[in-house]
Amino acid sequence: DPGTPRVDLAEIPEDEQEDAKSEKVSVMLKNLACRYTKSDIVDMMKEVGLGDVISNVHIPLCTRSRKTSNKGYCFVELKRMSDFAKCQELLNGRPCGSPTTCNKRLEVVLSG
């Protein structure tokens, strides 16, 4: 997505790059299929090779409907800032859900 900011470590001053590579970062995955659970997110991240960079996953739930579902987004804590660009590359635009019932595409952004 052209409107999504990308983080390039080359843009970070050299003396701050090591911190940027090692500090945890929280990202938001937008446009989730409403039926996705924490387990689905973890499985999807593992499927694309990001399973080892996850520290935590939080999915806000909508409890107003008869059936509990997520609110269409989640937060994933990555182990390093350097994992953010890889996460964007592998997940931005990825179909989320069954193509016959849902045409949502994931969007990965920094949260906070």
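Below: a short report on this structure. (Residues numbered from 1 in each chain as written. Predicted model: local features only at pLDDT ≥ 70, side-chain atom pairs only at ≥ 80, totals over all residues. Heavy atoms only, no water.)

Right, let's get into the pattern of salt bridges. Tallied over the entire structure, the rule returns 2 salt bridges. Between Glu47 and Arg94 there is a salt bridge, with its nearest N and O atoms 2.7 Å apart. Of this pair, Glu47 sits in helix 2 (residues 38-47) while Arg94 sits in the loop between helix 3 (82-91) and strand 6 (107-110), placing them 47 residues apart in sequence. For the salt bridge of Arg80 with Asp83, the shortest nitrogen-to-oxygen distance reads 3.3 Å. For Arg80, a relative accessible area of 32% gives the class partly exposed. Classification of Asp83 as buried rests on a relative accessible area of 6%. (Salt bridge = Lys/Arg side-chain N within 4 Å of Asp/Glu carboxyl O. Helix = DSSP H or I, 4+ residues; strand = E, 2+ residues; numbered from the N terminus. Buried < 20%, exposed > 50% of the residue type's maximum accessible area, 1.4 Å probe, protein only.)

A separate point is the sheet that holds strand 2 (residues 54-58). Taken together, 4 strands build an open sheet; the order of strands is 2-5-1-6 and the sheet is antiparallel. Both outer strands of the open sheet, strand 2 and strand 6, are each paired with one neighbouring strand and no more. Ignoring strand direction, the axes of neighbouring strands in this sheet form an average angle of 25 degrees. The sheet contact formed by strand 2 and strand 5 (residues 73-78) spans 4 bridges and is antiparallel. Note that in strand 5 the partner of Asn56 across the bridge is Glu77. (Pairing = 2+ DSSP bridges. Axes fitted to C-alpha atoms, helices over the stretch in contact; angles between N-to-C directions.)

Worth remembering: the numbers are spatial, not functional.
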